[in-house]
Amino acid sequence: MKQDGRKQAKQIDILCNDMIGAQRDFIKRLKTIDFRANFYESIMGATDLNCLLSTASVIIKEETNNSDMVFFLHYAESFEIYTFDEKQGNDSQWQNIENCFNPELMINICKSNKICDINDMFAMGLQGNLTSLNELSAVTIPLGSFGAVQGFMLVYRSSENKLNNEEIKKISSVTSGLSQAIYACRILTHTSK
């Protein structure tokens, strides 16, 4: 009798833990949906590329615990680099991280068309002060739509507060829409000239 009670209690415990895990997963998905909705609402109607990228930068920075970011957009034979953050005090060692990205590295990152961490970037040719760069938690996230890569965004902060998979997934969840908005802004800019 006691053994049946223990077995039943164990089964109930397993069921409760499964329900709690499912609830956590559901809440994470809702938070991602909420982030996406707020992001798209904020960039809706943007027709100026600088305004669009500045808005995207602010929203992503808020969502990722004040990470910094740089946008690298590929144009015919070159890249344009967009930064919107004022680096603070002890982050000054990374103030011009975009200078560590040479054209070959930028092309390699675009060709990979995947999320790259700092080790991937080193393997592709990232150059700079290794000590400082190793103190970064950084990822590049491709910006592309319909199979065409328009560039990438670099999201980074101190390795003491490493970017986690949940944050990277949230950012990645809006890149398709952001890429389409970038494309639309480029078309509008080109046709207005």
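Heads up: these notes are all about the structure in this document. (Residues numbered from 1 in each chain as written. Predicted model: local features only at pLDDT ≥ 70, side-chain atom pairs only at ≥ 80, totals over all residues. Heavy atoms only, no water.)

1. Let's talk about the pattern of salt bridges
Cut-off, in case you're wondering: What counts as a salt bridge is simple: a side-chain nitrogen of Lys or Arg found within 4 Å of a carboxyl oxygen of Asp or Glu.
In this structure the tally under the stated criterion is three salt bridges. Among the ionic pairs, lysine 61 bridges to aspartate 68, the shortest N-O distance being 3.7 Å.

2. Comments concerning helix α2 (residues 49–63)
This is how the line gets drawn: Secondary structure is summarised from DSSP: a helix means a run of H or I of at least four residues, a strand means a run of E of at least two, and numbering begins at the N terminus for each. To estimate the expected span of a helix, subtract one from its residue number and multiply by 1.5 Å. Classification of residues uses two cut-offs on accessible area relative to the type maximum, computed with a 1.4 Å probe and protein chains only: under 20% is buried, over 50% is exposed, and between them is partly exposed. We define a polar contact as two N or O atoms separated by no more than 3.5 Å, with the added condition that, inside protein, one atom must be a possible hydrogen donor and the other a possible acceptor, whereas residues neighbouring each other in sequence contribute only through side-chain atom pairs.
Over its 15 residues, α2 runs 21 Å from end to end, which matches the ideal 21 Å to within 8%, given 1.5 Å per residue. Turning to α2, its buried residues are Leu49, Leu52, Leu53, Ala56, Ser57, Ile59, Ile60 and Lys61. Two or three places before asparagine 50, at the opening of α2, aspartate 48 has a side-chain oxygen 3.3 Å from that residue's backbone nitrogen. Positive backbone phi, approximately 55°, marks asparagine 65, located one or two places after α2.

3. Quick look at the pairing of strand β5 (residues 148–158)
Here is the rule: Pairing between strands requires that DSSP locate at least two bridges from one strand to the other.
With eight of its eleven residues buried, β5 lies for the most part within the structure. Two elements, strand β1 (residues 68–75) and β5, share six bridges in a ladder whose sense is antiparallel. Bridged to aspartate 68 within β5 is tyrosine 156. With ten bridges joining them, strand β4 (residues 136–145) and β5 adopt antiparallel strand pairing. Bridging across to β5, leucine 143 finds its partner in glycine 151.

4. Some points on a nonpolar patch on the surface
As a reminder, the rule being used: To count toward a patch, a residue needs a relative accessible area above 30% and no salt bridge. Like charges then connect within 9 Å, nonpolar side chains (Val, Leu, Ile, Met, Phe, Trp, Tyr) within 5 Å. Reported accessibility uses the Shrake-Rupley method at a 1.4 Å probe radius. Residues are deemed covered only where the shown protein chains occlude them.
Together, Phe26, Ile27, Leu30 and Ile33 give the surface a local cluster of nonpolar side chains, amounting to about 370 Å² of exposed area. The topology assignment puts isoleucine 33 in helix α1 (residues 2–43). Residue class for isoleucine 33 comes out exposed when judged on its relative accessible area of 53%.

5. A short note on the side chain of threonine 140
Stated precisely, the cut-off is as follows: In what follows, residue pairs with any heavy atoms lying within 4.5 Å of each other are defined as contacts.
Following the sequence through the fold, threonine 140 ends up in strand β4. With residues near it in sequence (within four places) discarded, threonine 140 still touches Phe101, Ile109, Lys114, Ile115, Cys116, Met121, Phe152, Met153 and Leu154.

6. Some details on unusual backbone geometry
With a phi angle near 50°, asparagine 113 is a residue other than glycine that sits in the positive phi range. The residue asparagine 113 is located in the loop between α3 (103–112) and β3 (116–117) in this model.

7. Concerning the sheet that holds β1
Put simply, the rule is: Angles here are taken between N-to-C directions and fall from 0 to 180 degrees, while the axes themselves are lines fitted to C-alpha atoms, restricted in helices to the stretch in contact.
Taken together, the five strands give an open sheet; going across it, the order is β2-β1-β5-β4-β3, and neighbouring strands pair in antiparallel fashion. Because the sheet does not close on itself, it has two edges, and the strands there are β2 (78–83) and β3. Packing of α2 onto the sheet brings it into contact with β1, β2 and β5, and relative to β1 it is tilted by some 145°. Its contacts with the sheet put α3 on β1, β2, β3, β4 and β5, and the angle it makes with β5 is roughly 110°.

8. What to know about the environment of threonine 189
With respect to the helices and strands, threonine 189 occurs in helix α6 (residues 165–192). In sequence terms threonine 189 and lysine 114 are 75 residues apart; their C-alpha atoms lie 28 Å from each other.

Just distances and angles here, no functional claims.
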